[in-house]
Amino acid sequence: VWAYATADQHHPSLFAASSRVISDSLAQDPARWDIESRRQLHQWQLWLSLDRGAEEQQHLLSDCQRLLCREAMQATIARPSGLQRSVSDALAAVKHGFEEEYLE
């Protein structure tokens, strides 16, 4: 599912089935989901909520499950690439107060 979000592809039946399976799995045993998997789920949830619009809100996980995924993302130490640093430097040069990272 994360790959679809990364490629910005829309597949309603995949989202519906995936959301149901992921939600059930997180509800039964959240410990089965390692921090990397929960980070990717967080990215998918952000993509659904920010980029896909109201029609995809039905595929969001429950509030407590989204919190679990968001906490995994926040616990991760960001390691920006050289390209990201270069882009950040260029944007900061043209826009005062540019903020490089955005966390929900």
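This structure is a prediction, so every number in the text was calculated from the model and none was measured.

## Some points on the nonpolar core
Part 1 of the reasoning: Judged by nonpolar contacts, F15, I22, L26, W33, L41, W44, W47, L48, L61 and C69 together constitute the single largest core of ten residues.
Part 2 of the reasoning: Within the residue set of this core, elements represented by two or more residues are α2 (12-28) and α3 (35-50).
Part 3 of the reasoning: Among the elements that line this core, the one with the most residues is α3, at four residues.
Part 4 of the reasoning: With residues up to four places along the chain from it excluded, the contact list for L26 reads W33, L41, L61, Q65 and L68.

## What to know about the side chain of S25
Part 1 of the reasoning: Here S25 lies in helix α2.
Part 2 of the reasoning: Since its relative accessible area comes to 10%, S25 is described here as buried.
Part 3 of the reasoning: Not counting residues within four places of it along the chain, the set of residues in contact with S25 comprises P30, R32 and W33.

## So, the confidence of the model for the protein chain
Part 1 of the reasoning: With 83% of its residues at a pLDDT of 70 or more, the protein chain has an overall mean of 82.
Part 2 of the reasoning: Confidence scores differ between elements of the protein chain, with helix α1 (residues 2-6) showing the lowest mean pLDDT of 64 and helix α4 (residues 63-74) the highest of 92.

Reading the values: rules and limits
Residues numbered from 1 in each chain as written. Predicted model: local features only at pLDDT ≥ 70, side-chain atom pairs only at ≥ 80, totals over all residues. Heavy atoms only, no water. Core = buried A, V, L, I, M, F, W, Y, C linked by side-chain atoms within 4.5 Å. Buried < 20%, exposed > 50% of the residue type's maximum accessible area, 1.4 Å probe, protein only. Helix = DSSP H or I, 4+ residues; strand = E, 2+ residues; numbered from the N terminus. Contact = heavy atoms within 4.5 Å. pLDDT = per-residue confidence, 0-100.

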